[in-house]
Amino acid sequence: MEQYHALSEPEKEDAIKQSNFLADREENGLIVQLYSLGKIYGEVHYDPLAKKVLRYRAFDDIVQLGPYLAHIRFNR
């Protein structure tokens, strides 16, 4: 997490965009996408009506994966 937080905002966005997509979900009209960045996870909060990303967020607490459990796709 420390390495991620040391990045600039554009670098944080790039790190999430270049990582492995795991799942997406809807929350209050937003599409929230989950990515794996090794030992941490990243989220992209996208507003489909405004057609723009509202924020990027990273976390390392697996409890926060709860909303995604039914949506995670595993490669075969």
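Presented here is a report on the structure given in the accompanying data block. In this text the structure is predicted, and so the values were computed from the model without any measurement.

Calculation rules
- Residues numbered from 1 in each chain as written.
- Predicted model: local features only at pLDDT ≥ 70, side-chain atom pairs only at ≥ 80, totals over all residues.
- Heavy atoms only, no water.
- Phe/Tyr/Trp six-rings, centres within 6.5 Å; stacked < 30°, edge-to-face > 60°.
- Helix = DSSP H or I, 4+ residues; strand = E, 2+ residues; numbered from the N terminus.
- Buried < 20%, exposed > 50% of the residue type's maximum accessible area, 1.4 Å probe, protein only.
- Salt bridge = Lys/Arg side-chain N within 4 Å of Asp/Glu carboxyl O.

1. Overview of the packing of aromatic side chains
And step 1. If you walk through the whole model with that rule in mind, you get two aromatic pairs.
And step 2. Plain terms: the ring middles of F21 and Y35 are 5.5 Å apart, the flat faces sit at 70° to each other, and that makes the pair edge-to-face. With a gap of 14 residues between them, F21 in strand β1 (residues 20-27) and Y35 in strand β2 (residues 30-37) connect regions that are remote in the sequence.
And step 3. The class for F21 is partly exposed, based on a relative accessible area of 33%.
And step 4. On the basis of relative accessibility, which here comes to 12%, the residue Y35 falls in the buried class.

2. Topic: the pattern of salt bridges
And step 1. Under the defined criterion, the tally for this structure stands at four salt bridges.
And step 2. Linking K12 and E9 is a salt bridge whose minimum nitrogen-to-oxygen distance equals 3.3 Å. Of this pair, K12 and E9 both sit in helix α2 (residues 9-17), three residues apart, roughly one helical turn.
And step 3. Residue classification places K12 among the buried residues on the basis of a relative accessible area of 12%.
And step 4. Accessibility expressed as a relative area gives 48% for E9, which makes it partly exposed.

No statement about biological role is implied by the geometric values presented.
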